Amino acid sequence: MTLEIGTAEGELGLRERKRIATRRAIQLAALELASERGFDHVTVDEISHAANVSPRTFFNYFPSKESAIIGELPELPDEASIERFIEAGPAEPILDGMGTLLIAAIETGDLDGDLGGSPDGENAASAKELHALRRALLKGNPELFAQRMASMHKFEDALSAVVQRRLAHDDPELAADEEGLHQQARLVTYVAFAGMRHAWSCWADHGGVEPLADRLRTSFAQLQALGGQLN
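Residues numbered from 1 in each chain as written. Predicted model: local features only at pLDDT ≥ 70, side-chain atom pairs only at ≥ 80, totals over all residues. Heavy atoms only, no water.

## Notes on helix H8 (residues 142-170)
- Between the first and last C-alpha of H8 there are 41 Å, a value that for 29 residues agrees with the 42 Å anticipated at 1.5 Å per step.
- For H8, every residue scored as buried is listed here: Leu144, Arg148, Met152, Phe155, Glu156, Leu159, Ser160, Val162, Val163, Arg166 and Leu167. (Helix = DSSP H or I, 4+ residues; strand = E, 2+ residues; numbered from the N terminus. Expected span 1.5 Å × (residues − 1). Buried < 20%, exposed > 50% of the residue type's maximum accessible area, 1.4 Å probe, protein only.)

## Re the confidence of the model for the protein
- Per-residue pLDDT for the protein averages 82, and the proportion of residues at 70 or more is 83%.
- When pLDDT is averaged over each helix and strand of the protein, the minimum, 73, is found for helix H7 (residues 121-140) and the maximum, 96, for helix H2 (residues 44-51).
- Between residues 1-12, whose pLDDT stays under 50, and residues either more than four places distant or in other chains, the model counts zero contacts.
- Note on residues 112-121: pLDDT is under 50 here. Beyond four places in sequence and across chains, it has 18 contacts. (pLDDT = per-residue confidence, 0-100. Contact = heavy atoms within 4.5 Å.)

## A few points about the packing of helix H5 (residues 79-87) against H8
- Relative orientation of the contacting elements H5 and H8 amounts to 35°, with a least axis distance of 8 Å. Pair H5 / H8 crosses with right-handed handedness. Of the residues in H8, those touching H5 at Glu79, Ile82, Glu83, Phe85, Ile86 and Glu87 are Val162, Val163, Arg165, Arg166, His169 and Asp170.
- Class assignment of the residues belonging to the contact of H5 with H8 gives a composition of five nonpolar, one polar and six charged. (Axes fitted to C-alpha atoms, helices over the stretch in contact; angles between N-to-C directions. Left-handed = near helix turned anticlockwise from the far one by under 90°. Nonpolar A, V, L, I, M, F, W, Y, C, P; charged D, E, K, R; others polar.)

## Overview of the pattern of salt bridges
- Tallied over the full model, the rule gives eight salt bridges.
- One salt bridge connects Glu156 with Arg186, and the closest N-O pair in it is separated by 3.2 Å. Note that Glu156 is positioned in helix H8 and Arg186 in helix H10 (residues 178-205), a separation of 30 residues in sequence.
- For Glu156, a relative accessible area of 11% translates into the label buried.
- For the salt bridge of Asp214 with Arg217, the shortest nitrogen-to-oxygen distance reads 2.8 Å. You can see Asp214 and its partner Arg217 sitting in helix H11 (residues 212-230), three residues apart, about one turn around the helix.
- Among the charged side chains, a network of salt bridges with common partners joins Glu79, Glu83 and Arg165. (Salt bridge = Lys/Arg side-chain N within 4 Å of Asp/Glu carboxyl O.)

## Overview of the layout of surface pockets
- Of the voids in this model, the largest pocket is the one considered here, and its volume is about 720 Å³.
- Lining the largest pocket are 23 residues, and of these Phe145, Arg148, Met152, Arg197 and Trp200 sit closest to its centre.
- At the level of elements, H7, H8 and H10 are the ones that each hand at least two residues to the lining of the largest pocket.
- Tallied by class, the residues present in the lining of the largest pocket amount to 11 nonpolar, four polar and eight charged. (1 Å grid on protein atoms, 1.4 Å probe; cavity = no way out; pocket = protein on both sides within 12 Å on 5 of 7 lines; lining within 4 Å. Points joined across faces, edges and corners; volume = space filled by probe spheres on them.)

## Thoughts on the side chain of Lys65
- Within the secondary structure layout, Lys65 lies in helix H4 (residues 65-70).
- Buried charge without a salt bridge: Lys65, with Asp40 as the nearest opposite-charge side chain at an N-O distance of 5.2 Å.
- Leaving out residues up to four positions away in the same chain, Lys65 has contacts with Phe39, Asp40, Val42, Val44, Ile47 and Phe58. (Lys, Arg positive; Asp, Glu negative; His and termini not counted.)

Structure below.
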């Protein structure tokens, strides 16, 4: 029975690795073609052909060519993770909770992390190429950069709403002050986003060769240490 369970887990891991590899192949094909021809001169059919998948498979992973080029952005984790964050209470420093929540968001999603956990060889080279191509394309196509920023602001608003629930849970007096609650939640969210942007920048600068979640843990530890120095 143990062998059967282990085999099932191994097969699930293999399926997940194949799914991530397919997603990355589509992104790389989209970025390479757009870099060579210009974004407006590339079609989904051409991207699919270059990635060796059908257009139907392409749309199973991305709703449009823009989304394949822009790349994945974090989404809120499952409701259980959100509830744990809200109910942790004042005993947990809120930035500690935010770090854990953002890590859960990254690990739940399909961001450009490591493929299978290894920073070596082909996976690292692929991640590095993806980041270099994406940076150049976003820099040269303001409309794509604007779409990415709009998606990020949407995530920021969703995260701020969760922080607001946590603050209201921790401090009933603050909960009664709607404007004060809103402003404090925005401040906490902005600080957390600074930590996330730092992690993202360091991760991309090093070619995305380490899991993004690990880099985020490091950045939030540095943020906490900095906060201690400022007290």
